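One-letter residues, chain by chain:
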Amino acid sequence: MTTTPPPDDQAAQQAFRELLRTLRVWDTELPAFDPDTAPPAPLPLFQRWLTEAAAAGSPEPHTMTLATADAHARPSVRTVMLHDADHRGWHFATHRTSRKGRELQVRPQAALGFYWPAVGRQVRVLGTVTQAGAAESRADLAKRSTGALAAALVGRQSEELTSLAELERASSDAWARATREPEAPVDSWRLYILDPDEVEFFQGDAKRRHIRLRYRRSPDGSWTTGLLWP
């Protein structure tokens, strides 16, 4: 049975809807993209687009959405940082004991999404995920900031937290150790690499004539391209 929300809730909902209708995207001149000039493989184009997004002022262009699924195919999504993109694939890291780590252990497939509003561009990446070895994972963490090491040392990612005071104590201890031991090991930390089967590049257009170029990898490892309706 449905119920009518109280008047105050109705007013708040109406204000929210009106706000959504006032919001605009791509209120600037967007770059052109000719898919006929795209390289034969997606990696060089991705690296170029990320570089151009950074130059255009897109905030944190190296952040991405990571989607995984559990054993029952229930999806979950979060924002993580891109650590690298090379001939092996797209790199990111987390605790293998975290929710995403556990889900990748059960279902080693994932999707990534990048959005760069300053240039009206998106990139979607779909593929199989593998764990890097312990030595490479340690080296990955060693390259990061003191804050990143401290967060990794806290661990317990995705576990229930009793109170913010508990987090404050654990974080303070971790910061002290990270400062004292800049190469402190974190056994649960893992570098993951998504080896792509499909990569899509989306160039927005103010008149909604968006350009979508999809790369698909063939069984022999080569790439084929095709356009998609927006």
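Residues numbered from 1 in each chain as written. Predicted model: local features only at pLDDT ≥ 70, side-chain atom pairs only at ≥ 80, totals over all residues. Heavy atoms only, no water.

**Let's talk about a nonpolar patch on the surface**
Side chains of F16, L19, L20 and L23 sit close together on the surface and give an oily, nonpolar patch of about 400 Å² of accessible area. On the basis of relative accessible area, L23 is assigned to the exposed category, the value being 51%. (Patch = residues over 30% accessible without salt bridge, like charges linked within 9 Å, V, L, I, M, F, W, Y side chains within 5 Å. Areas by Shrake-Rupley, 256 points an atom, 1.4 Å probe, with all protein chains shown as cover. Salt bridge = Lys/Arg side-chain N within 4 Å of Asp/Glu carboxyl O. Buried < 20%, exposed > 50% of the residue type's maximum accessible area, 1.4 Å probe, protein only.)

**Digging into the packing of helix 5 (residues 146-154) against helix 6 (residues 164-180)**
Between helix 5 and helix 6, whose axes approach to 8 Å, the crossing angle comes to 125°. By the angle class used here, helix 5 and helix 6 are oblique. The element helix 5 and its partner helix 6 pack so that their crossing is right-handed. Touching T146, G147, L149, A150, L153 and V154 of helix 5 are A170, S171, A174, W175, R177, A178 and T179, all from helix 6. (Axes fitted to C-alpha atoms, helices over the stretch in contact; angles between N-to-C directions. Helix = DSSP H or I, 4+ residues; strand = E, 2+ residues; numbered from the N terminus. Parallel < 35°, antiparallel > 145°, perpendicular 65-115°, else oblique. Left-handed = near helix turned anticlockwise from the far one by under 90°. Contact = heavy atoms within 4.5 Å.)

**Remarks on the pattern of salt bridges**
Inspection of every chain in the model, using the stated rule, returns 15 salt bridges. Its salt-bridge partner being R88, residue E136 comes within 2.6 Å of it at the nearest N-O pair. Highlighted residues: E136 in helix 4 (residues 134-142) and R88 in the loop between strand 3 (84-86) and strand 4 (89-95), separated in sequence by 48 residues. In this structure E136 comes out as partly exposed when scored by relative accessible area, which is 29%. Here R180 and E181 are joined by a salt bridge, their closest N and O atoms 3.8 Å apart. Residue class for R180 comes out exposed when judged on its relative accessible area of 57%. By sharing partners, the salt bridges in this structure join R48, E52 and R121 into a single network.

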